[in-house]
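Below are the chains, spelled out letter by letter.
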Amino acid sequence: MRRTTLAAAIACGIFTCITAAGNARAQDQGTAGSEDKPTGSALETIVVTGSRIPRAQVEGPAPITVMTAADIKNSGLMSVPDVLRAMTQNGGETQSQQSSSGADFSPGAQQVDLRGLGPNHTLVLVNGRRIADFPLPFKGRSNFTDISNIPIGLIDRVEILTGSASAVYGSDAIAGVVNFILKDSADGTTVNLRYGGTSRGGGESAKLDISTGFTHGDFNLMFGAELIDQKPLWAYDRKIQDSTADGPTARSQTARRVFLRTDWYDDYIDPGAATCASLAYLNFGSTGYFNRRNYGDFCGSQTSIGYGTILSGRKGINTYTTMNMPLGDDLKWFADVQLGYSKVKLFRDVEKWSYMAPDGNEEGYFYNQATDQVEYWGRQFTPEEMGGLNKGFIENTQKTFGFTTGFKGTLLQNWDWEASLNHSQYHATISWPQIVAAAANNLFLGPQLGIDDDSGYPIFNADPSRLYTPLTRAEYDSIFARTVYHPKSQSDTLAFSFSNIDLFQLPGGGAGFAGVVEYGFQSYNLRPDPLATEYYYYSWKDSDGHGSRNRWAAAGELRMPLLERLSLSVAGRYDRYNFAGNSVGKLTWSSGLEWRPIDSLLARASYGTAFRAPDLHYVFAGIGNDETSGNDYYRCRTDEPGVDITDCTWSDQGLIRTRAGNRKLKPETSTSWTAGLVWSPWSDLDVSLDYFNIDMRNQVQDLSTDRLLQLEANCRIGSDVNGNPVDRNSPSCVDAIGRVTRLPSGRLYGVFVNPINVAREKTNGVDLSAHYKLETRVGDFHFNGNYTWTRRHSFQQYTGDAVLDEFAVNSGFDIPRNKASATVTWKLDPWTVSLHGERLGRLPNSDSYDQIVDLSAGEKAWIGATYRYNLSGQYRFNDHMQLSLSIDNLFDKMPPKDPTYTAYPYYDISWFDSVGRSYYLQFTWKFGGSPLSN
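Residues numbered from 1 in each chain as written. Predicted model: local features only at pLDDT ≥ 70, side-chain atom pairs only at ≥ 80, totals over all residues. Heavy atoms only, no water.

Undergrad: How do you make sense of the packing of aromatic side chains when you look at a structure like this?
TA: What describes a pair of aromatic rings is the distance from one ring centre to the other and the angle between the planes of the rings. Enumeration according to the criterion identifies 42 aromatic pairs in this entry. With 6.1 Å between their ring centres and 80 degrees between their planes, F347 and F393 make a pair best called edge-to-face. Taken as a pair, F347 in the loop between strand 16 (331-346) and strand 17 (352-354) and F393 in the loop between helix 11 (383-386) and strand 20 (394-411) lie far apart in primary sequence, 46 residues in all. The two residues F347 and F393 agree in class, both being buried. Counting every residue linked through ring pairs, the aromatic cluster contains W353, F381, F444, Y476 and F480. (Phe/Tyr/Trp six-rings, centres within 6.5 Å; stacked < 30°, edge-to-face > 60°. Helix = DSSP H or I, 4+ residues; strand = E, 2+ residues; numbered from the N terminus. Buried < 20%, exposed > 50% of the residue type's maximum accessible area, 1.4 Å probe, protein only.)

Quick look at the structure:
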């Protein structure tokens, strides 16, 4: 892994030619006598990444991390999400493939979250161009870029700039930029065939990627394609999460309630052991007679909890074509085309039912005329009733298309220019299995007979034996349906850039200038099933959302070598957005300073401001409901004081979350600065140390349901769990109490959340990296190491509220303070062997995340640091044929145990999974062209 300059990171950016020229000058000044030194005229931006030039001579004012295709291969990383998870700057909590919110809101998509500021604050580019967002929002909230469809086999390098880059790349880039540079040339045809599996079984995969190209006269073309077939990995294939018996506490080990009948007091009505015995064949023979402490007996299953996927199934193809042709001495035409098609399948859980009123009320109680009492009935449907688990897949068919074309050339000898049009779109067809509420109500309860005068509940004459009678396939099909969405998103940019690398002379050399003007259009449309926006499906009332905005921008940068060893760069940009009848715009700027007191040492600093219009879905989302759960902290603390929240009667209560967009959102703003050193005492060793600081204001976020319920309890009681006073009349308290809905009985029913402008979020820390090469008689050794330590990450919801330390005990946040990675590679032709290790710093345990740890009672608040290792080896049979073996999670480590994590799957899925050791065997064969690299 290498770092390079800002301009070298973005191949099509407005700064490329300036930095390329600067790098050539630095090379000529600093590498005389080096046998490996390429000539200045031959130096291109990509050469910097793998060059022997000391880093102190080619680095710029802002640090950029570069991971090449060779680095990816040596690290044993098999997918783009894996690559970005290994980046130490990627410190945010994102959705895993097991995430229930990911299954409900963005099936099959994966994200990157630099600095833990949210995926929507990281700008993702491909070849320096914007790509369309995933058409459904992250956690039903913000727009984001899906990185799961970027073909890893076609990547030349990944370049990451962390910190504000808004003045350069646009108002999206508050936390940083991730730029995927795809291969743009192919001498010959290269074929890679890979097969993978897991040592514990399941999750097999196969991948084929091909790259080729040709030249015909002046016309040049490169084509690449990647085909993948990933089988799903089921939770029941891993002992750590195949049963509720894996839960850490007696309460969490209770079987799932497959058949449940209660009275109005929530006491279970005993079905009898014989009834449960008659159902024993269901859930693959695991249904039985169980008891839940303080509630009663029921028919349930411990192993039905494992009906979910750890890894999604995926079949697809992604292609990339790049072409160009000179049209004269000073003019060239270029074009890139990306096409992708994939089908993703994942399984969240079996479907379930309880009585849902026509108005969407899911309290579930009804007056049963047959038994003369108020009752609640609940059912989870079994594979035998469904006709197999395959019927319960969430399915996502994804179609992506990107096209860029333009011209570039030279005017008046000194001015380079480029005019381009970029179009990107993302279409999907996503279907979820659902239970039709009215049909299920009628099947189990019969027709409604009115409203009971005493209780106010609907009246049914329902025979309890109906609840305990398994459904035939025809009966299940009569209440089952699929809700189908057709979401789409689009992004278009028309840009004209120009640059002059020698605008005027300064004592240190020629000053360079670059500028760009651009017009952009962005849109999204959820296009949901119309029935999904009504109270038609059980526990599923979604929101619609569609909208667009356009923007125009103008930006410029001036790079000035004030002295031979001192350079100053300044950049400014103005963006204006028009959306929903609003027009917002702002000027942002940045500056950077580079000082080289000696050839081997660079001192640098940068400062930048940022401005970001709110995401489209934050603005345009319609009103919708979803079913979630939460702890009723108020009743637990008042009715059962001293009882652990996991054992409280009012914990894990089902509730309705209502959400809507907010067209009154203000833009987000931020400032960011860095300062650091790069030391290259010789060409085979370099070390960098950089401090970062990002301060976001008016950040847009959805209110957290759990945090809202905790705040409501604190406000109603007048103190938090530690006895600290809370002002009931504070803005946060007034708002929180108004957002929580309770029934007349005091029972928690629902919460209302929407996006708001958060007062402030701040983070700062240090990035450290080192690279060393040692040549010996027994081979060459390469060492790459990276470490990120976050000194502080704070969050304040409203002005006047307390500032929350996200690393504190009971903070309610789930991010690590530090991450590290290192790779050691040994090369001795024809062998290459690499060991890659990653360290994830300690994380809060579940109790600390739920903000209920009592340190005075000696309770623990943390999960210790964890380590994972990958081993990879390559053997080259000849110049054009190679065999590789990669082993991920070499020591087959499972997620760390957390005795407080009582929710399935009993570990933190944001950071861990139970895939275990994986292996991948890859055969590479190149036809024609230069030899394979080793």
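So that's the structure; there's more coming.
Undergrad: Please explain the state of the cysteines as it appears in this structure.
TA: By definition, a disulfide is the covalent link that joins the sulfur atoms of two cysteine residues. Overall, the coordinates contain three disulfides when judged by the stated rule. In this model C276 forms its disulfide with C299; the gap between the sulfur atoms is 1.9 Å. Across the S-S bond linking C276 and C299, the dihedral sits near -90 degrees, which makes this disulfide left-handed. Here C299 lies in strand 13 (residues 296-301) and C276 lies in helix 9 (residues 273-277), a separation of 23 residues in the sequence. Note on accessibility: C276 and C299 belong to one class, buried. (Disulfide = S-S within 2.5 Å.)

Undergrad: What am I meant to see in helix 17 (residues 705-717) here?
TA: Along an α-helix, residues three or four apart share an orientation, since each turn contains 3.6 residues. Taking 1.5 Å of rise per residue, the 13 residues of helix 17 would be expected to cover 18 Å, and the 18 Å separating its terminal C-alpha atoms lies within 8% of that figure. Taken together, the buried positions of helix 17 are occupied by T705, R707, L708, L709, Q710, E712, A713, N714 and C715. Of the residues one or two after helix 17, G718 is the one with positive phi, at around 95 degrees. (Expected span 1.5 Å × (residues − 1).)

Undergrad: For this particular structure, what's the right way to read the nonpolar core?
TA: Among soluble globular proteins, nonpolar side chains are generally buried collectively. Among the nonpolar cores identified, the biggest contains 34 residues, and F347, W353, F381 and L445 are the most heavily contacted of them. Elements that contribute at least two residues to this core include exactly strand 11 (256-263), helix 12 (437-445) and helix 14 (473-479). If you tally residues by element for this core, the top one is helix 12, at four residues. Aside from chain neighbours lying at most four places away, what touches F347 is W234, Y307, G308, T309, M386, L389, G392 and F393. (Core = buried A, V, L, I, M, F, W, Y, C linked by side-chain atoms within 4.5 Å. Contact = heavy atoms within 4.5 Å.)

Undergrad: Looking at this structure, how should I read the pairing of strand 13?
TA: Most of strand 13 sits inside the fold, with five of its six residues counted as buried. The sheet contact formed by strand 11 and strand 13 spans three bridges and is antiparallel. In the sheet register, F259 faces strand 13, and the bridge partner there is C299. (Pairing = 2+ DSSP bridges.)

Undergrad: What should I look at first to understand a nonpolar patch on the surface in this one?
TA: A surface patch of nonpolar side chains, amounting to about 540 Å² of accessible area, comprises Y195, F877, L883, L885, Y919 and L921. Elements that contribute at least two residues to the nonpolar patch include exactly strand 45 (881-888) and strand 46 (918-927). (Patch = residues over 30% accessible without salt bridge, like charges linked within 9 Å, V, L, I, M, F, W, Y side chains within 5 Å. Areas by Shrake-Rupley, 256 points an atom, 1.4 Å probe, with all protein chains shown as cover. Salt bridge = Lys/Arg side-chain N within 4 Å of Asp/Glu carboxyl O.)

As far as function goes, none of this settles anything; it's purely spatial.
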